[in-house]
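Each chain, letter by letter, is given below.
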Amino acid sequence: MKFPKKSNTSVTYKGDQSWHNLKDANTQSSRITTFASVYRMIKPFLKFASLALGIVAAFFFFKAFVFDEISSEDSAVTRDNAGYVKRVLFYTDGVLDETWLSGVIQINRNMRLMDINIFEMKHVLEGFDQVIKAEVVRVFPDALRIQLEEEIPIFKLKMQTNEGAEFLRYVGKTAVVYDGIGYSEAFLDGLPYLVPYRHPNQKYLPINGLNYIVPLIDLLEESGLTKRIRLQSISLKSFSGDVEFPGQIIELNSDLIPRILFNAYNDYPKQIARLNYILSYLNGSGNQEVERVDLSLRDSAAVQFKGGKIDLF
């Protein structure tokens, strides 16, 4: 009995049966979508999402209950401190300082800026003879500015109490007599004395006509004569300050020349030029001792020497 020959064409299935194709077919057939498989896929992302939500929640918690509370407390403190004086800005063209100011007016941090009577404070400050002018200004939100214009002393004045005790006061350019607070002893000691005019009632004050004396003092300073003659004092015994009164004399007393007489009101530059000429002449002639130089004459100056001789220049 003959059997038919085996034929490879008798296989009834078709397809590519390579190893890779079989493996891919098995893999594709095993991918079944379930809840568990989906959860496994998104689980890493859920961790990051929950962490982000936690951070956001913590931020809003701190903002709502911590930061806003601190901010509200700071605002309350700011509101409580608003309007109180925290700074005093003090300026002056003289020598008075903050220590003096604190003894004159009372300012502390418990005072509200708007509660300070700046007009009364100005009046108190200008009540001191050394202060010519005071300016008091509120500088919002928390400062007070105080600016002073002070007297400048040009003379020292010897005075007496009712019991006869002597004491010194100082005279400014506006003829105000005051204590001279804040100046060094060296500066005050270097000032010349002022011998004031005695009024008909035998009073020395007020000192009149000092506005006519100041230009003479300034010229003496500018020309260097104050130091050259070693000025000690200025006498107004013959100077009332009344321009209607004729023949008024301003007398300077110095170490070099005991008495130098100036004609009041008139021609100070010309009189100082004559004095400079006389000093140069005396220096060239061996510095003869001079008792008095009279510059008050109309067209000349008289020099009286200690021996009694008088020369005209």
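Since we're looking at a predicted model, the values are computed, not measured. All chains use their own residue numbering, which begins from 1 and follows the written sequence. Predicted model: local features are reported for residues with pLDDT of at least 70 only, side-chain atom pairs are reported and counted for 80 or more only, and whole-chain, interface and lining totals are derived from all residues. Hydrogens and water molecules were not included; the side-chain quantities draw on all heavy atoms of the structure.

Novice: Quick one: what's the story with the sheet that holds strand S2 (residues 131-139), residue by residue and with numbers?
Specialist: When DSSP finds two or more bridges between two strands, those strands count as paired. Numbering of helices and strands runs from the N terminus, with a helix taken as a DSSP run of H or I at least four residues long and a strand as a DSSP run of E at least two residues long. Spatial strand order, S1-S3-S2: three strands in an open sheet with mixed pairing. Only two strands of the sheet have a single neighbouring strand rather than two, namely strand S1 (87-92) and S2. Sheet twist, expressed as the average angle between the axes of neighbouring strands with direction ignored, equals 15°. Direction of pairing for S1 relative to strand S3 (residues 143-150): parallel, over a ladder of six bridges. Within the sheet, the bridge partner assigned to Val88 lies in S3 and is Leu144. Across the sheet, helix H4 (residues 118-126) touches S2 and S3, and the angle it forms with S2 is around 155°. To obtain each axis, a line is fitted to C-alpha atoms, and for helices this fit is confined to the stretch in contact; angles are then taken between N-to-C directions over 0 to 180 degrees. A contact between two residues is defined here by any heavy atoms of the two lying within 4.5 Å.

Novice: So, unusual backbone geometry: which residues are in play, and what are the values?
Specialist: Following Phe140, the chain continues to Pro141 via a peptide bond in cis, the omega torsion being 15°. With omega at 5°, the peptide bond leading from Leu205 into Pro206 counts as cis. Its place among the elements puts Pro206 in the loop between strand S7 (193-195) and helix H6 (210-222). Backbone geometry at Ala175 places phi at a positive 70°, although glycine is not the residue there.

Novice: Give me the lowdown on the pairing of S3, citing residues and values where you can.
Specialist: For S2 and S3, the ladder comprises eight bridges, and the chain directions are antiparallel. In the strand pairing of S3, Val136 is matched with Ile146. Between the antiparallel neighbours S2 and S3 lie three residues.

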